[in-house]
Amino acid sequence: MRNLWNVTIKDMLIVGKDRGAWIFLLITPLIVITVASFALGPAFEGGSIEAELLLADEDGGAVSSGLVEAFRKNENVVVVDAGRGECEALEKDGQEYEVALVIPAGFSGAVEAGGRAELEVFVDPNSNITRPFLVSVIQGTASRLSAVEVAAKVSVLEVMKVAPGADAAAVAGTAAAAAASELEDEPVQAAISNVGGVEDLNPFDTQAPGYSVMFMLFGVMTAAEGLLLERESGTLGRLLVAPVSRASILGGKLLAQFAIAILQITLLFTVGHFVFGMNLGNSIAGLALMIVVTAWTATAFGILLASMVKTRRQLSAVGILSVLLMSALGGSWWPLDIVPEFMRQLGHLTINAWALDGLNDLILRGKGLDAVLPEAGVLLAYGAVCFIIGIRMFRFRSVS
Amino acid sequence: MAVTPPEIDDMPDPIVIADNLEKRFDGLTAVDGVSFTIREGQIFGLLGPNGAGKSTTISMLSTYLRPTAGDASIDGLSIGREADAIKKIIGVVPQDIALYPTLTAMQNLRFYGKIYGLGGSHLESRCRELLELMELWERRDDRVEEFSGGMKRRVNMAAGLLHHPRFLLLDEPTVGVDPQSREHIFETIFRIRDSGTTILYTSHYMEEVELLCDFITIIDRGRVIAAGTLRELLKILGEGGVIELEIAGGECPGGLTARLEGHASVTAVKQEKNRLLISSDNSAHSLPPVMRELEAAGCEVASLELYSPNLEKLFIHLTGRELRE
């Protein structure tokens, strides 16, 4: 046990003196997370979206004018007037647009006559950010217009029942104006609140856990490389002929890496919280548990990697491929909610997926310690399997 | 061809007894039945070319490798059965620089000292003592990666001495060092021996073994081919020196070797194709009759060399190959 601790202290001293290692462990992930957060920031801040809508009003009637006016009133929509050709090409004056709306001739007449009126919407299939937003704005505005027209029709029908001689057109106009006014006040409103009482999402909240887990795995790869380096340089051999057990050598190195992994993710979350306002959820105990079990599993995975390869060059190839694959499959780069079901199930073969399930429950959904116990249990077992296979397969002596 | 040292009652007790050690790797026999005895206080030299089996032998004695067959004892402890106890009394200085390059000399020594159970002020004073012995105390807080090859070798040696081992295994400790560092390492080895530590020294440099070792075992292709003190070994070549001749135009005629051996001062003759190695009690006296025999046999001498016997020539004599091949 004493020698296990000696090996741990020695390894931590080596990492502590390695400026490059700290840049890789802390500065690089911070830069990557920050860049990803700023890039995706607008997606989390609805009010700041300014979506440009290319619009051609071929009708020019009262209803279409009202519709255009409604779009212009929306503070998140910038209406760019255009012709049909430009709308169909989604391009005007050399600038490309993602959504265009054409109000065809006869639209107002059709609406006023109570017939079926259609709007023509052109979209760029490659756009995933503003397209859903603008389409929903167009659909919402069209629905409101339909509601006004329905209200006017119903009013005319009802008034005619009690006063058959009334001026139907006047009734319709008054009813439409009143309905429009009522809808302006939005009598039915959805009160939206975040589950778990967490504050609105910060892009750091969604990016930091995924990238932190990925960089923790990269950090563990560096530790696995250190283990192979000890074997290749002869220091491991020197320890093997000293009165120190193999369990102490490997255990000491594991403990050092485990501590470094915990320190790494803790520092990343601390900087994220105090510098970038990242949410840490409502359960510090839950967060601590997830950090510890993720670090354990990552460390055990590092031992497994080191045991599977013969040289550091092989480790680089296998390690980078493994970490990138696990990060892609496990949701470090995008949420698993958007991938097909079979990919989600495949993703749960990775450390990342289980770690992120737990971390996201805590950070994004404000859940407590109890909620992440299943994920923590899976990660503990995952780490135990990697650890047992790793130490059984690890070759202490140089292969050559 | 092995020379068995005479059993003398006042000889120091054996501390290491290797008994028919054998190590095979996937069909390759690296060490093939090696036996020797190392006595307390000796500097025991294991000489042989690269790949002879020296490092494998050291690896087995240090408990790093298990013998495929045979056994060895160190201070009465079996390397096969009592490896843990042996680890506490031996010191190993491997051929590789087995240090942590980003740590300082002092940090490296502290770590290895703690591994051997040293601590506190005793560890600090032992580190200081060894760094002063290695003339590196002033550089104690410099990273090892900033040291020259010779300085690294000295720290490497210090790391094996921290716990006052009874038996020190030095595996080619002068590889890649400058002459000044080499001299310093030699001085240090004598000091270690004088402090009571028994040393096993491997090298493929015969000059080093000649200079340092009290007893020498020559190993080739995994087998002991000669053993004894330097004097005993050189006697194989003849105490008076060696005449080396190259005959022009092919091999020597038959019967020449026997005729040469018939001369009183000639102790041994070895012939390899057109080369003759003639050992004698006095090469200057032997030369004229040798030349007459050659002339009578119609041999033309292409080259002639007279030299004092040394281990390099002994190795060639025993194996027909250069020691550094």
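Please read these numbers as outputs of a predicted model, since none were measured by experiment.

What is the right way to read the overall build of chain B from this model?
Secondary structure summary: chain B contains 11 helices and 14 strands in total. Summed over its atoms, the accessible surface of chain B is roughly 14,000 Å², and 46% of this surface lies on carbon and sulfur atoms. Charged side chains of chain B number 34 positive and 49 negative; the gap between the two group centres comes to 5 Å.

Is there a simple way to explain the nonpolar core in this structure?
The tendency in soluble globular proteins is for nonpolar side chains to be buried side by side. Membership of the largest hydrophobic core comes to 148 residues, with the highest contact counts inside it found for Phe-269 of chain A together with Ile-218 and Leu-311 of chain B. In terms of residue count, helix 8 (residues 203-233) of chain A provides more of this core than any other element does, 14 residues in total. One finds Leu-55, Val-99, Val-111 and Ile-138 of chain A within the second-largest nonpolar core, a separate group that totals 18 residues.

For this particular structure, what's the right way to read the packing of helix 8 of chain A against helix 12 (residues 312-330) of chain A?
In a pair of packed helices, the angle between the axes and the distance between the axes together describe the arrangement. All names here are of chain A. Packing of helix 8 against helix 12 brings their axes to within 10 Å, and their N-to-C directions diverge by 165°. By the angle between their directions, the pair helix 8 and helix 12 is classed as roughly antiparallel. Between helix 8 and helix 12 lies a crossing of right-handed hand. Only Arg-312, Leu-315, Ser-316, Gly-319, Ile-320, Val-323, Leu-324, Met-326 and Ser-327 of helix 12 make contact with helix 8, whose side of the interface consists of Met-214, Leu-217, Phe-218, Met-221, Ala-224, Glu-225, Leu-228, Leu-229 and Glu-232. Class assignment for the residues of the contact of helix 8 with helix 12 results in 12 nonpolar, three polar and three charged.

Honestly, the domain arrangement of chain A in this entry has me stumped. Any pointers?
Interface size, as often reported, equals the accessible area lost upon joining of the parts. One can read the domain layout of chain A as domain 1 (2-43 + 201-393) and domain 2 (47-151). A separation of 49 Å is found between the C-alpha centroids of domain 1 of chain A and domain 2 of chain A.

So what exactly am I meant to see when it comes to helix 14 (residues 351-363) of chain A here?
An α-helix turns once every 3.6 residues. As a result, residues three or four positions apart point the same way. All names here are of chain A. With 13 residues, helix 14 extends 18 Å between its outermost C-alpha atoms, agreeing within 8% with the 18 Å of an ideal straight helix rising 1.5 Å per residue. Of all 13 residues in helix 14, 11 are buried; the element is thus mostly enclosed. Capping of helix 14 at its N-terminal end is provided by Thr-350; its side-chain oxygen lies 3.2 Å from the backbone amide nitrogen of Ala-353.

Can you help me understand the packing of aromatic side chains in this one?
What describes a pair of aromatic rings is the distance from one ring centre to the other and the angle between the planes of the rings. Evaluation of the coordinates by the stated rule reveals 11 aromatic pairs over all chains. Between Phe-111 of chain B and Tyr-112 of chain B, the ring centres sit 5.2 Å apart and the planes meet at 55°, which makes this aromatic pair tilted. We classify Tyr-112 of chain B as buried; its relative accessible area is 1%. Within the aromatic cluster, the residues linked to one another by ring pairs are Phe-24, Phe-215 and Phe-218 of chain A. The positively charged end of Arg-140 of chain B is found above the aromatic ring belonging to Trp-137 of chain B, 4.1 Å away from the centroid.

Honestly, the sheet that holds strand 7 (residues 167-171) of chain B in this entry has me stumped. Any pointers?
Hydrogen bonds along the backbone pair up the strands of a sheet, which may run parallel or antiparallel. Residue and element names in this part refer to chain B. In space, the six strands of this open sheet follow the order 6-7-8-3-9-10, with mixed pairing throughout. With one partner strand each, in any of the chains shown, strand 6 (90-93) and strand 10 (223-228) form the two edges of the open sheet. Mean inter-strand twist for the sheet, computed between neighbouring axes without regard to direction, equals 15°. Taken together, the four bridges between strand 3 (residues 43-47) and strand 9 (residues 215-220) define a ladder with parallel strand orientation. Following the sheet pairing, Leu-47 is matched in strand 9 by Ile-218. Seen against the sheet, helix 11 (residues 311-319) touches strand 3, strand 9 and strand 10 and runs at an angle of roughly 40° to strand 9.

Just to check I follow, could you spell out unusual backbone geometry for this structure?
For residues besides glycine, phi is generally negative; the peptide bonds are generally trans as well. Residues and elements named next belong to chain B. Of note, Asp-26 is a non-glycine position whose phi angle comes to about 45°, a positive value. Among the structural elements, Asp-26 can be located in the loop between strand 1 (14-25) and strand 2 (28-39). Taking the relative accessible area as the measure of exposure, Asp-26 reaches 85% and is therefore exposed. Unusually for a residue other than glycine, Asp-75 sits at a positive phi of about 55°. On the secondary structure map, Asp-75 appears in the loop between strand 4 (69-74) and strand 5 (77-78).

In this structure, what is going on with the pattern of salt bridges? I would like to understand it.
Side chains carrying opposite charge are able to pair once their charged atoms draw close together. All names here are of chain A. In this structure the tally under the stated criterion is 30 salt bridges over all chains. Asp-81 is paired through a salt bridge with Arg-72; the nearest N and O atoms lie 3.0 Å apart. Under the relative-accessibility criterion, Arg-72 is labelled partly exposed at 39%. If you follow the salt bridges from partner to partner, you end up with Lys-10, Asp-11, Glu-230 and Lys-253 in one network.

Honestly, the domain arrangement of chain B in this entry has me stumped. Any pointers?
As far as domains go, chain B holds domain 1 (14-233) and domain 2 (239-308). Distance from the C-alpha centre of domain 1 of chain B to the C-alpha centre of domain 2 of chain B: 41 Å.

Before we go on, may I ask you to explain the sheet that holds strand 2 (residues 77-81) of chain A in this structure?
Residue and element names in this part refer to chain A. Judged by pairing direction, the sheet is mixed, and its four strands sit side by side in the order 2-1-5-6 without closing on themselves. Edge positions in the sheet fall to strand 2 and strand 6 (120-123), since each of these pairs with one other strand and no more. Mean inter-strand twist for the sheet, computed between neighbouring axes without regard to direction, equals 25°. The pairing of strand 1 (residues 51-57) with strand 5 (residues 99-103) spans five bridges and is parallel. Looking across to strand 5, one finds that Leu-55 is bridged to Leu-101. Against the sheet, helix 3 (residues 62-73) engages strand 1, strand 2 and strand 5, with an angle of about 170° to strand 1. Packing of helix 6 (residues 130-162) onto the sheet brings it into contact with strand 1, strand 2, strand 5 and strand 6, and relative to strand 1 it is tilted by some 45°.

Looking at this structure, how should I read the pairing of strand 13 (residues 275-280) of chain B?
Remark: a regular strand shows side chains that alternate across the two faces of the sheet. All names here are of chain B. In terms of burial, strand 13 is largely enclosed, as five of its six residues are buried. Sheet topology places strand 11 (residues 241-247) next to strand 13; six bridges connect them, and they run antiparallel. Bridging across to strand 13, Leu-245 finds its partner in Leu-276. Bridge count for strand 12 (residues 266-272) against strand 13 is six bridges, and the pairing is antiparallel.

Is there a simple way to think about empty space enclosed by the protein in this case?
Rolled over the atoms, a probe sized like a water molecule indicates the empty space that remains. Here the structure, examined in full by the defined rule, presents one cavity of 30 Å³ or more. In this model, the largest cavity occupies a volume close to 40 Å³. If you trace the largest cavity, you find it lined by Arg-238 and Val-241 of chain A together with Val-92, Tyr-112, Tyr-116, Ala-159 and Gly-160 of chain B. Residue composition of the lining of the largest cavity, grouped by class: five nonpolar, one polar and one charged.

Mind showing me how you'd approach the interface of chain B and chain A here?
Listed per partner, the contact involves 28 residues of chain B and 22 residues of chain A. Buried surface at the junction of chain B and chain A, summed over both partners, amounts to about 2,200 Å²; 61% is from carbon and sulfur atoms. Seen at the junction of chain B and chain A, the total is zero salt bridges. Summed over the shared surface of chain B and chain A, the number is 10 residue pairs in polar contact (both at pLDDT 80 or more). Breaking the side of chain B that touches chain A down by element, the ones donating at least two residues are helix 2 (83-89), strand 6, helix 3 (105-115) and helix 5 (149-159) of chain B. For the side of chain B that touches chain A, the element with the highest residue contribution is helix 3 of chain B, accounting for five residues. A per-class count over the side of chain B that touches chain A returns 15 nonpolar, eight polar and five charged.

What's the story with the side chain of Arg-154 of chain B in this structure? I'm lost.
Relative to the helices and strands, Arg-154 of chain B resides in helix 5. Buried and without a salt bridge, Arg-154 of chain B has Glu-135 of chain B as its closest oppositely charged side chain, separated by 4.6 Å.

Can you help me understand the pairing of strand 3 of chain B in this one?
Residues and elements named next belong to chain B. Burial of strand 3 is extensive: five of the five residues sit out of reach of the surface. Of the two faces of strand 3, the one holding Ile-43, Gly-45 and Leu-47 and the one holding Phe-44 and Leu-46 are both buried throughout. Sheet analysis places strand 3 next to strand 8 (residues 198-203), joined by five bridges and oriented parallel. The residue bridging Gly-45 from the neighbouring strand is Tyr-201, located in strand 8.

Calculation notes
Residues numbered from 1 in each chain as written. Chains lettered and ligands numbered in written order. Predicted model: local features only at pLDDT ≥ 70, side-chain atom pairs only at ≥ 80, totals over all residues. Heavy atoms only, no water. Helix = DSSP H or I, 4+ residues; strand = E, 2+ residues; numbered from the N terminus. Areas by Shrake-Rupley, 256 points an atom, 1.4 Å probe, with all protein chains shown as cover. Lys, Arg positive; Asp, Glu negative; His and termini not counted. Charge placed at Lys NZ, Arg CZ, Asp CG, Glu CD. Core = buried A, V, L, I, M, F, W, Y, C linked by side-chain atoms within 4.5 Å. Buried < 20%, exposed > 50% of the residue type's maximum accessible area, 1.4 Å probe, protein only. Axes fitted to C-alpha atoms, helices over the stretch in contact; angles between N-to-C directions. Parallel < 35°, antiparallel > 145°, perpendicular 65-115°, else oblique. Left-handed = near helix turned anticlockwise from the far one by under 90°. Contact = heavy atoms within 4.5 Å. Nonpolar A, V, L, I, M, F, W, Y, C, P; charged D, E, K, R; others polar. Domains from an automatic or database assignment. Expected span 1.5 Å × (residues − 1). Polar contact = N/O pair within 3.5 Å; in protein donor to acceptor, adjacent residues only side chain to side chain. Phe/Tyr/Trp six-rings, centres within 6.5 Å; stacked < 30°, edge-to-face > 60°. Lys NZ or Arg CZ within 6 Å of the ring centre and 35° of its normal. Pairing = 2+ DSSP bridges. Salt bridge = Lys/Arg side-chain N within 4 Å of Asp/Glu carboxyl O. 1 Å grid on protein atoms, 1.4 Å probe; cavity = no way out; pocket = protein on both sides within 12 Å on 5 of 7 lines; lining within 4 Å. Points joined across faces, edges and corners; volume = space filled by probe spheres on them. Buried area = accessible area lost by both parts, 1.4 Å probe.

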